[in-house]
Amino acid sequence: MPGKVIVVERRAKLTWVERLYLPMIVKGLAVTSRRFFRNLAGFITGNRKSFVVQYPEERVDYPDAFRGMPVLVQLESGQPKCVACGLCEFACPTDCISIVPGELEAAGIERYPEKFEIEMSRCMFCGLCEEACPEEAIVMSREVELASYDRGSLRFQKEQLLVPESLLKRRLDFIRSDYDRPHGGEPSRRSA
Ligand code: SF4
Ligand code: SF4
């Protein structure tokens, strides 16, 4: 079931009908009743497809604007696209990112993250790390199933965070159009 984006139009001034309140209350009750009887019919007939997602067998295809847990973009070579500049670490309001930069001279890379850790128990999925990253190396994924009984297991290391670039294409296309980046998403280096 594809996710739907509903654009809510908020006008600064109410019309005279809206200012009377009563017509709007009746309109609200009509919407509630319509939903109630549609759902009731679904429960009686067993056709719940239109209003229930049979989780976990069925999953919602979240819109491209959806922000799940942040992940690291992995190049075809297996290396992270990240150059360990530290901007995401600086931008993160909950201080849940920690990076240890390293050098990989043999591969022609000045810097790469020797260690990249995100403490997901503190992450609030705000997306500021993604916005701050000049390399499109950290993006918000659709993953939200992070529940755990053990806080320690929510410290995600670089190897757990890496996701192949091809699987993140929809999000990357979205942020390129949304942030209107002048370099159009082209990476500054691809030799990794
Ligand atoms: S989504 Fe927000 S809180 Fe989570 S790591 Fe990124 S900047 Fe930090
Ligand atoms: S993910 Fe992006 S912002 Fe964060 S250290 Fe790597 S290149 Fe810099």
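Just so you know, these numbers come straight off a predicted model, no measurement behind them.

Visitor: Sorry, what's going on with the site of ligand 2 here?
Guide: Looking at ligand 2, there are 13 residues lining it, with Cys82, Cys85, Gly86, Cys88 and Cys133 nearest. Of the residues that constitute the shell around ligand 2, the class distribution is 12 nonpolar, 1 polar and no charged.

Visitor: I tried to follow the side chain of Arg171 on my own but got confused; where do I start?
Guide: Tracing the chain through its elements places Arg171 in helix 6 (residues 169-179). Separated by 2.7 Å, the side chain of Arg171 and the backbone oxygen of Asp64 make a polar contact. Once you skip the residues sitting within four places of it in the chain, Arg171 turns out to touch Asp64, Ala65, Phe66, Arg67, Glu130, Val139 and Met140.

Visitor: I'm lost on helix 6 in this one. Help?
Guide: Within helix 6, burial applies to Arg171, Leu172 and Ile175. Projected down its long axis, helix 6 carries its buried residues within an arc of 100°, all on one side. Check the buried side of helix 6 and you find it contacts helix 4 (128-132) and strand 4 (138-140). Positive backbone phi, at 50°, marks Asp180, one or two positions downstream of helix 6.

Visitor: Honestly, the pattern of salt bridges in this entry has me stumped. Any pointers?
Guide: When the charged atoms of two side chains with opposite charge come close together, those side chains can pair. Counted under the stated rule, the structure contains 13 salt bridges. Glu119 is the partner of Arg122 in a salt bridge, and the nearest nitrogen-oxygen pair spans 3.4 Å. The exposure class assigned to Glu119 is buried, which follows from its relative accessible area of 11%. Between Arg176 and Glu136 there is a salt bridge whose closest N-O contact spans 2.9 Å. Of this pair, Arg176 sits in helix 6 while Glu136 sits in the loop between helix 4 and strand 4, and the two are 40 residues apart along the sequence. Each member of the salt-bridge network shares a partner with another, and the members are Asp61, Asp64, Arg142 and Arg170.

Visitor: I would appreciate a short explanation of helix 2 (residues 22-45) in the present structure.
Guide: Three- or four-residue spacings in an α-helix give side chains the same orientation, since the helix completes a turn every 3.6 residues. End to end, helix 2 covers 34 Å across 24 residues, agreeing with the expected 34 Å (1.5 Å per residue, within 8%). Positive phi appears at Gly46, one or two residues downstream of helix 2, with a value of about 85°.

Visitor: Which parts of the structure should I look at to understand the sheet that holds strand 4?
Guide: Two pairing modes exist for strands in a sheet, parallel and antiparallel, and in both the strands are linked by backbone hydrogen bonds. Taken in spatial order, the 3 strands make up an open sheet running 4-1-6, and their pairing is mixed. Whereas interior strands pair on both sides, the edge strands pair on one side only; in this sheet they are strand 4 and strand 6 (162-164). Neighbour to neighbour, the strand axes of the sheet diverge by 50° on average, direction disregarded.

Visitor: Teacher, can you tell me more about the confidence of the model for the protein chain here?
Guide: Parts of the prediction with low pLDDT should not have their coordinates interpreted in detail. In this model, the protein chain carries an average pLDDT of 86, and 89% of its residues clear a pLDDT of 70 or more. Here residues 184-192 is a poorly scored stretch, pLDDT under 50, and it has 22 contacts once near neighbours within four places are set aside; other chains count.

Visitor: It is not clear to me how the site of ligand 1 should be interpreted in this structure. Could you clarify?
Guide: Lining the immediate environment of ligand 1, one finds 13 residues, of which Cys92, Cys123, Cys126, Gly127 and Cys129 sit closest. Split into classes, the residues belonging to the shell around ligand 1 amount to 11 nonpolar, 2 polar and no charged.

What counts and how
Counting from 1, residues in each chain are numbered in the order their sequence is written. Written order determines the labels here, with chains lettered from A and ligands numbered from 1. Where totals are concerned, whole chains, interfaces and linings use all residues; where local detail is concerned, this predicted model gives features only for residues with pLDDT of at least 70, and gives and counts side-chain atom pairs only at 80 or more. The side-chain values count all of the structure's non-hydrogen atoms but skip hydrogen atoms and water molecules. Any residue with a heavy atom lying within 4 Å of a molecule or strand is counted as near it. Side-chain classes are defined by residue name, with Ala, Val, Leu, Ile, Met, Phe, Trp, Tyr, Cys and Pro counting as nonpolar, Asp, Glu, Lys and Arg as charged, and the others, Gly among them, as polar. Strands are runs of DSSP state E lasting at least two residues, helices are runs of H or I lasting at least four, and both sets are numbered from the N terminus onward. As used in this structure description, the phrase polar contact means that two N or O atoms lie within 3.5 Å; if the pair is within protein, one of them must be able to donate a hydrogen and the other to accept it, and residues adjacent in sequence are counted only when both atoms belong to side chains. Whether two residues are in contact is decided by their heavy atoms: any pair within 4.5 Å suffices. Any residue under 20% of the maximum accessible area for its type is buried, any over 50% is exposed, and the rest in between are partly exposed; the area is computed with a 1.4 Å probe on protein chains only. The arc refers to the directions leading from the helix axis to the C-beta atoms. By salt bridge we mean one thing: a side-chain nitrogen of Lys or Arg within 4 Å of a carboxyl oxygen of Asp or Glu. A helix's residues, less one, multiplied by 1.5 Å, set its expected span. For two strands to count as paired, DSSP must find a minimum of two bridges between them. A fitted line through C-alpha atoms serves as each axis, taken over the contacting stretch for helices, and the angle formed by two N-to-C directions is quoted from 0 to 180°. Known as pLDDT, the predictor's per-residue confidence is scaled from 0 to 100.

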